[in-house]
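Structure assessment
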Amino acid sequence: MELEGLMNLQLMMFLEIGIGWYLRKKNLITEEGKKVLTDLVIDLILPCNIIQSFMIELNREILVKGLQILIISTAIQMFCTLLSAVCYNRVERGKRAVLQYATVCSNAGFLGNPVAEGLYGSMGLLYASIYLIPQRIVMWSAGVSYFTESPSKKEVLIKVLKHPCIIAVEIGVVLMVTQVPLPGFLVKTLGSLSSSTTPVTMLLIGSIMAGADLKTMVTRTTAAFSVIRLILIPMAVYGACLLLHVDSLIAGVSVILAAMPAGSTTAILAAKYHRDEEFASKCVVLTTVLSMIAIPAWSMVLTAGLG
């Protein structure tokens, strides 16, 4: 994507986040409304967006690249899990659980799909959807175990299989493999709902950001975590992709999604399991704000390094 197009995309998303922040501050988006938006994005809009991304003609190249990004994503999750185990040993327990979860589970599910689609088009969205499969599995297993006891394998399997975005991937794969044409009205419905992914997601992120105290958001701990989340992890992915001569599109999607901020579910789980909810919110908000700089910076690095 050309620099002008990238800047326009970032400014559009930043403005939409600002609108979400303003609407929450004015209580036009209430706390209950924020929960409704969250459910709407996870249960309807993102699944429609994912299904539509798979509605393409299947060929050998897509199969090979899809397998590549699945392997890369799995390796990234293993790396992040190892990183979370060694980086925060000196941090108090409540904050440590937050940092470990936020290192393993980024906001790629909310923010990643619209960014990948904006930068790389429909193919970027397709590969982003595949990339997110390992993260969603880890989110319900190792991720939850940071806040509570490790869930059983049966619980993990049920949560993963019932996740709307995983179901959408399964439906999308079936449609792509069988090449069964959907009725015109259904295609238009999917397209219409899918087109709302970016604005609704950005409004939601803005409303989440409105709840944080900006004056006390930047501390030594949150700053160090931001470096790990937005610089160290994507840098490791970028270096590995260069070393292994990974296809430029697959490498680009992998690095961009690896550079996503802390997952918004970090604060939700921290509150549910009585950890440091305020600290979790600060980590989410700070990395989200800084990602508005980090994402275009990584995009320019990728353009220069991968062509």
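Just so you know, these numbers come straight off a predicted model, no measurement behind them.

This part is about the confidence of the model for the protein chain. Predicted confidence across the protein chain gives a mean pLDDT of 85, with 94% of residues reaching 70 or more. Looking across the protein chain, the model is least confident in helix α6 (residues 153-162), with a mean pLDDT of 73, and most confident in helix α10 (residues 220-243), with 95.

With that settled, the discussion passes to the state of the cysteines. One pass over the full model with this rule turns up 0 disulfides. Cysteine C105 is unpaired, with the sulfur of C80 as its nearest cysteine sulfur at 9.1 Å. Overall, C105 belongs to the buried group, its relative accessible area being 0%. Its sulfur unpaired, C241 is 13 Å from the next cysteine sulfur, which belongs to C80.

With that out of the way, let us pick up the side chain of T222. Note that T222 resides in helix α10. T222 has contacts with M217, F279, C283 and L286, leaving out every residue within four places of it along the chain.

This part covers the layout of surface pockets. There is about 1000 Å³ of room inside the largest pocket. Lining the largest pocket are 41 residues, and of these T38, S264, T265, I268 and L269 sit closest to its centre. The set of elements that each furnish at least two residues to the lining of the largest pocket consists of α2 (31-53), α5 (108-145), α6, α7 (164-178), α12 (265-272) and α13 (277-306).

So, on to the packing of helix α4 (residues 93-104) against α13. For the pair α4 and α13, the least separation of the axes is 9 Å and the interaxial angle reads 30 degrees. Like other packed secondary-structure pairs, α4 and α13 cross with a definite hand, here right-handed. Across from K95, V98 and L99 in α4, the residues of α13 making contact are F279, A280 and C283. The class makeup of the residues in the contact of α4 with α13 is 5 nonpolar, no polar and 1 charged.

Reading the values: the criteria
- Within any chain, residue numbers begin from 1 and follow the written order of that chain's sequence.
- Confidence filtering applies because this is a predicted model: local features only for residues at pLDDT of at least 70, side-chain atom pairs given and counted only at 80 or more, and all residues used for totals across whole chains, interfaces and linings.
- Side-chain measures here rest on the full set of heavy atoms in the structure, leaving out hydrogens and waters.
- Each residue carries a pLDDT value, the predictor's own confidence for that position, ranging from 0 to 100.
- A run of H or I in DSSP becomes a helix once it reaches four residues, and a run of E becomes a strand once it reaches two; helices and strands are each numbered from the N terminus.
- Cysteine sulfur atoms that pair up within 2.5 Å are treated as a disulfide.
- Burial classes: relative accessible area under 20% of the type maximum marks a residue as buried, over 50% as exposed, and values in between as partly exposed (1.4 Å probe, protein chains only).
- We call two residues contacting when some pair of their heavy atoms lies within 4.5 Å.
- Cavity: a set of points on a 1 Å grid over the protein atoms alone where a 1.4 Å probe fits but cannot get out. Pocket: an open set with protein on both sides within 12 Å along at least five of seven lines, its lining residues, like those of a cavity, having an atom within 4 Å of a point.
- Grid points are joined across faces, edges and corners, and a volume is the space filled by probe spheres set on the points.
- Every axis corresponds to a line fitted to the C-alpha atoms, with the helix fit spanning only the stretch in contact, and the corresponding angles, defined between N-to-C directions, vary from 0 to 180 degrees.
- Helix crossings get a hand from a simple test, with the near helix turned counterclockwise from the far one by less than a right angle marking a left-handed crossing and a clockwise turn marking a right-handed one.
- Residue polarity is assigned by list, with Asp, Glu, Lys and Arg as charged and Ala, Val, Leu, Ile, Met, Phe, Trp, Tyr, Cys and Pro as nonpolar; anything else, Gly included, falls into the polar class.

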